[in-house]
Amino acid sequence: MNAPHIGIPARARRSRPAGTAEQTAQRVLLLRLLSLLLQYPDTELVLGRQELAATAEALEPSPAAAEIAAFTAWFAEQPPDALERHYVEVFDLRRRSSLYLTYYLHGDTRRRGTALLALAQRYRAAGWEADAAELPDHLPVVLEFAALEGPGAGEAPLRQHRRGLELIRHSLADAGSPYRHLFAALLTLLPPPTAADLAAVAELAAAGPPAEEVGLDPYGGGLFAPPQTFVPPEPAPSTLIPLLPTRTKEGHR
């Protein structure tokens, strides 16, 4: 399966966080590191893990940087086959720690297809050109969009799915997965949760996402249909996102 390719025209970089150029570059780098580290740990990604660990250690001190450094320290020392098995176990085989964000808001319902279509349209409106190899709500794709489009429109999908991200973090923490550090890092970049958010996360953990709507096609005629029982497709090579925020991403997952 070919990995997603997203073209990044100049206008995709028009929106940037407020603050100094250094703060902007740091935030972009944090988001792009998270996008990369949450991809399947194939050979290409494993070969670059020492560089990733060094990059994490060189980040400006912050709660997010500390969490990423904790993850990369573990990631750099694990056997490649162990990394692959762990990734599949926590992200591909567990519904409560899937990387497909609209699932947590809409479950396997028709509303999810509408949400996926709206997200794809948001990317196109920003000038992105994505192929169909990955769903638009896959977290590494959403993170790349946030890094390149800025904290307003770019990070809006992350804010919208904050409750799902919180549930994933809890699930990974319960499982003792080091990937919990990456979600902890990401959540420090988002507004703090409200009491309503925390209550909704608890309810989602107890009841799960909405159930299938009988008699309705949940994915708009199959345009965005994920695999049955929501197990993602076989892992494909990851995209090595350049660590300098001024460069564009090319590659395949």
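Scoring rules and cut-offs
Residues numbered from 1 in each chain as written. Predicted model: local features only at pLDDT ≥ 70, side-chain atom pairs only at ≥ 80, totals over all residues. Heavy atoms only, no water. Helix = DSSP H or I, 4+ residues; strand = E, 2+ residues; numbered from the N terminus. Buried < 20%, exposed > 50% of the residue type's maximum accessible area, 1.4 Å probe, protein only. Contact = heavy atoms within 4.5 Å. Axes fitted to C-alpha atoms, helices over the stretch in contact; angles between N-to-C directions. Parallel < 35°, antiparallel > 145°, perpendicular 65-115°, else oblique. Left-handed = near helix turned anticlockwise from the far one by under 90°. Nonpolar A, V, L, I, M, F, W, Y, C, P; charged D, E, K, R; others polar. Arc of directions from axis to C-beta. Salt bridge = Lys/Arg side-chain N within 4 Å of Asp/Glu carboxyl O.

Caption draft 1: Quick look at the overall build of the protein chain. Secondary structure summary: the protein chain contains 12 helices and two strands in total. Helices and strands in the protein chain line up, N terminus first, as β-α-α-α-α-α-α-α-β-α-α-α-α-α. Considering the protein chain as a whole, with its 253 residues, one finds that 51% of them fall into the buried category. Intrachain contacts of the protein chain at a sequence separation of at least 6 include 74% that bridge at least 24 residues.

Caption draft 2: Structural detail: the packing of helix H1 (residues 21–37) against helix H4 (residues 63–75). Across the interface, H1 lies against H4 with an axial gap of 11 Å and an inter-helix angle of 30°. Considering their axes alone, H1 and H4 lie roughly parallel with respect to each other. Like other packed secondary-structure pairs, H1 and H4 cross with a definite hand, here left-handed. For the pair H1 and H4, contact is made by Leu30, Leu34 and Leu37 and by Ala64, Ala65, Ile68, Phe71 and Thr72, respectively. Partitioned by chemical class, the residues of the contact of H1 with H4 number seven nonpolar, one polar and no charged.

Caption draft 3: Broad picture of helix H3 (residues 49–57). Residues of H3 that are buried: Arg49, Leu52, Ala53, Thr55 and Ala56. All buried residues of H3 fall inside an arc of 160° around its axis, so they share one side. Opposite its buried face, H3 presents the exposed residues Glu51 and Glu57, each directed more than 90 degrees away. Those residues of H3 that are buried lie in contact with H1, helix H2 (43–47), H4 and helix H5 (80–92).

Caption draft 4: Local environment of the pattern of salt bridges. Within the structure shown, the criterion is met by eight salt bridges. With its nearest N and O atoms 3.4 Å apart, the salt bridge here joins Glu144 to Arg32. Pair noted here: Glu144 is in helix H8 (residues 139–149) and Arg32 is in helix H1, with a separation of 112 residues, a long-range link. Residues Glu144 and Arg32 agree in their burial class; the two are buried. Arg169 is the salt-bridge partner of Glu166, the closest N and O atoms lying 2.7 Å from each other. Taken together, the residues Glu166 and Arg169, both in helix H10 (residues 162–175) and three residues apart, mark about one turn of the helix. Given a relative accessible area of 6%, Glu166 falls into the buried group. In the salt-bridge network here, residues are joined through shared partners; they are Arg162, Glu166 and Arg169.

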